[in-house]
Amino acid sequence: MAGTAPLTARWSNWAGNQRGSATAILRPGSPSDVAEAVRATAAAGGRIRVAGSGHSFTAIALADDRRMELSELDTIVSVDVERRLVTVPAGMTLRTLNGLLARHRLALPNLGDIDAQTVAGAISTGTHGTGAAYGCLSTFVEALTLVTGTGEVLHCSADEHPDVFAAARVSLGALGVLVDVTLRCVDAFILCAHERPAELADVLGELPALVGRHDHVEFYWFPYTTRVQVKANDRVPANDQPLPRWRGWLDDDFLSNTVFAGACRVGRAVPALAPGISAVSARALTERRYTGRSDRVFCTPRRVRFVEMEYGLPREALPEALTALRRIVDGLPFKVLFPVEVRFTAADDIWLSHGYGRDSAYIAVHQYVGMPYEPYFQAFEKIAAELGGRPHWGKLHYRDADSLSTAYPRFADFLAQRDRLDPNRVFANPHLTHILGA
């Protein structure tokens, strides 16, 4: 074992809304260290939660006993350029992974807009990007190595322990500790990004065509306005329109982070100004078109802290959900300072994936840190649940095991795997007990 730290070590997530202390911090140096720690914890009747980069907003990573960190876990990094497969430690961050792949002229087919998460954290919560032909990042997983609640080391794929593989690609950390992950990649590619303002009604009116004609498309609706910012990314053969450094700094660092943070602080201090701030924000981001390396276009800096809820919905339910959301925002006793994000994914076959069995539209609602949010999130969740929505596992929600069991057709199958792989609930915490049951 690489080491333990004092029980005074505290942990908080990126947003700062989840905080806690562990009785011990475990930093295994090898898969055998992980297995040894799990067996020792099980023998003592204890519990382990693995913490990654803290980019989940729920209490999913909070440890009420021992916390395990994978930053010192040493597993073999293998890159098979010909077969386009890469095997990496589960604790590697997406940012590091993207750099590794770029050096071998490879890339992940799709990414979300943040690259700070660990590979294990991203796939365990169903992290996704946008694109009608792409599922969540877990759909790129070809194989994984899992240390179960009994200390057994399982190598899983579609051919080896296939039921465990179907469950473990989005596992919430409830089945075991991921120690390495094999991902299917593609040849490195260039994206052309086109960002433009538009009217919400126009975007909804052309939505099927818009989603269908671009490789990746999303939009942001600015509360109290009828305006959106549309972002479309498409594969192109050459990086012939790189974004000038000054324009990238102006839009992504200064306007989207520095200025927006200041505007949020003003809106928090004087809520009546929020609609005006939203209207100004909607017009501040003008049209731009540029090319760049795929991961650098997909991922952008996020320095303004917020809390978030996100729901995956049947794609055809999106207009009804947005109409209801606009009514909710207008009727709240407080103001909303963040735009609403809408993305799209393809159906997949992963048991606890939000996109299991259906093409999805995702609606993500945010609120600036320090602002009230629960009535907003709860009202939106009620609408989303009625429309068949499934909550993102890393984002705030209020669903319990009974409610979730009807949202996921393979929920009972997942629980059966959990009973088999972690019979003593070594990997449980109060949050998992709430959403999966005891």
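Here's what I pulled together on the structure shown here. Each chain carries its own residue numbering, running from 1 in the direction its sequence is written. Where local features are concerned, this predicted model is filtered to residues with pLDDT of at least 70; where side-chain atom pairs are given and counted, the filter is 80 or more; whole-chain, interface and lining totals use all residues. Hydrogen atoms and water are omitted, and side-chain values are computed over all heavy atoms in the structure.

Comments concerning the sheet that holds strand β20 (residues 360-368)
One bridge is not enough; two strands pair if DSSP finds at least two bridges between them. Only DSSP runs of H or I with at least four residues qualify as helices, and only runs of E with at least two residues qualify as strands; both kinds are numbered from the N terminus onward. Spatial strand order, β17-β14-β16-β15-β19-β20-β18-β21: 8 strands in an open sheet with antiparallel pairing. Edge positions in the sheet fall to β17 (288-293) and β21 (390-391), since each of these pairs with one other strand and no more. The pairing of strand β15 (residues 216-221) with strand β16 (residues 227-236) spans 6 bridges and is antiparallel. Each bridged residue has a counterpart across the sheet, and for V217 the counterpart in β16 is A232. On the sheet, helix α10 (residues 318-331) packs against β15, β18 (306-314), β19 (340-345) and β20 and is oriented at approximately 15 degrees with respect to β20. The contact rule is simple, with two residues in contact once any of their heavy atoms fall within 4.5 Å. Axis lines are fitted to C-alpha atoms, over the contacting stretch for helices. Their N-to-C directions set the angle, which ranges from 0 to 180 degrees.

What about the nonpolar core?
We define the nonpolar core as a collection of buried residues of types Ala, Val, Leu, Ile, Met, Phe, Trp, Tyr and Cys that are connected through side-chain atoms lying within 4.5 Å of one another. Burial classification: accessible surface area is computed with a 1.4 Å probe over protein chains only, and a residue below 20% of its type maximum counts as buried, one above 50% as exposed, and the rest as partly exposed. In this structure, L97, L172, V177 and L183 are the most contacted members of the largest nonpolar core, which totals 78 residues. Once residues within four sequence positions are removed from consideration, V177 is found in contact with V34, V38, V50, M68, L70, T145, L146, V147 and F427. Among the nonpolar cores identified, the runner-up in size contains 51 residues, and A198, A232, I328 and V342 belong to it.

Description of the pattern of salt bridges
Basic side-chain nitrogens of Lys or Arg form a salt bridge, by our definition, when they fall within 4 Å of a carboxyl oxygen of Asp or Glu. If you walk through the whole model with that rule in mind, you get 22 salt bridges. Residue D215 pairs with R235 through a salt bridge whose shortest N-O separation is 3.9 Å. Here R235 lies in strand β16 and D215 lies in the loop between α6 (207-213) and β15, a separation of 20 residues in the sequence. Note that K395 and E308 form a salt bridge whose closest N and O atoms lie 3.0 Å from each other. With K395 in the loop between β21 and α12 (401-405) and E308 in strand β18, this pair connects stretches of sequence that are 87 residues apart. Like E308, K395 is buried. Taken together, the shared-partner salt bridges in this structure form one network comprising E308, E310, E341, R343 and K395.

Describing helix α2 (residues 94-103)
For an α-helix, the turn length of 3.6 residues means that residues three or four places apart are oriented alike. Along α2, the residues classified as buried are L94, L97, N98, G99, L100 and L101. Phi turns positive, to about 55 degrees, at R105, one or two residues after α2.

A few points about the packing of α10 against helix α11 (residues 374-386)
One way to put it is that α10 packs onto α11 with a least axis distance of 10 Å and a crossing angle of 155 degrees. Judged by the angle between their axes, α10 and α11 are roughly antiparallel. Our pair here, α10 against α11, has a crossing hand that is right-handed. Here α10 contributes A324, L325, I328 and V329 to the contact with α11, which in turn contributes Y376, A379, F380 and I383. Gly counts as polar in this scheme, as do all residues outside two lists: the nonpolar Ala, Val, Leu, Ile, Met, Phe, Trp, Tyr, Cys and Pro, and the charged Asp, Glu, Lys and Arg. Its residues assigned to classes, the contact of α10 with α11 comprises 8 nonpolar, no polar and no charged. Angles are sorted into four bins: roughly parallel if under 35 degrees, roughly antiparallel if over 145, roughly perpendicular if 65 to 115, and oblique for all others. Should the near helix be turned anticlockwise from the far one by less than a right angle, the crossing is left-handed, and should it be turned clockwise, the crossing is right-handed.

Digging into the environment of Y408
Within the element layout of this structure, Y408 appears in the loop between α12 and α13 (411-421). When the C-alpha positions of Y408 and G389 are compared, they lie 10.0 Å apart, and in sequence the two are 19 residues distant.

Regarding helix α8 (residues 274-284)
Three or more residues of α8 are buried, namely A274, I277, S278, S281 and A282. Seen from one end, α8 has its buried residues packed into an arc of 140 degrees, which puts them on one side. Looking at α8, the residues exposed on the side facing more than 90 degrees away from the buried face are V280 and R283. The arc in question is the one spanned by the directions pointing from the helix axis to the C-beta atoms.

Section: the side chain of R425
Locating R425 in the fold gives a position in the loop between α13 and α14 (430-436). At a separation of 2.6 Å, a polar atom in the side chain of R425 contacts the side chain of D419. Think of a polar contact as two N or O atoms within 3.5 Å of one another; within protein, one of them needs to be a possible hydrogen donor and the other a possible acceptor, and neighboring residues in sequence only count if both atoms come from side chains.

Considering a nonpolar patch on the surface
Residues V266, V270 and L273 make up a contiguous nonpolar surface patch of roughly 220 Å² in combined accessible area. As for its placement among the helices and strands, V270 is situated in the loop between α7 (245-269) and α8. The exposure class of V270 is partly exposed, given its relative accessible area of 38%. Residues forming no salt bridge and having over 30% relative accessible area are the ones grouped into patches, like charges within 9 Å of each other and nonpolar side chains (Val, Leu, Ile, Met, Phe, Trp, Tyr) within 5 Å. The protein chains shown are the only cover counted for residues, whose accessible areas, like all others here, come from Shrake-Rupley with a 1.4 Å probe.

Some words on the packing of aromatic side chains
Stacked, edge-to-face and tilted labels apply to pairs of Phe, Tyr and Trp rings (six-membered ring for Trp) whose centres lie within 6.5 Å, assigned for plane angles under 30 degrees, over 60, and everything in between, in that order. Applying the stated criterion across every chain yields a total of 9 aromatic pairs. For the pair W14 and F57, a centre-to-centre distance of 6.4 Å together with 85 degrees between the ring planes defines the contact as edge-to-face. Here W14, found in the loop between β2 (10-12) and β3 (19-21), pairs with F57, found in the loop between β5 (48-51) and β6 (66-69); they are 43 residues apart in sequence, far enough to count as distant. Each member of the pair, W14 as well as F57, carries the same accessibility label: buried. Consider the rings of F189 and F298, whose centres lie 6.4 Å apart with planes at 75 degrees: the pair is edge-to-face. Residue F189 is found in the loop between β13 (186-187) and β14 (190-199), and its partner F298 is found in helix α9 (residues 294-298); the two are separated by 109 residues along the sequence. Of the two residues, F189 and F298, neither departs from the other in class, the shared state being buried. Among the aromatic side chains, those forming a connected cluster through ring pairs are W14, F57, F306 and F338. Look at NZ for Lys and CZ for Arg. If either is within 6 Å of the ring centre and within 35 degrees of the ring normal, a charge sits over the ring. Positioned over the ring face of F189 is R235, at 4.0 Å from the centre of the ring. A cation over an aromatic ring shows up here: R390 above the ring of Y408, its NZ or CZ 5.3 Å from the ring centre.

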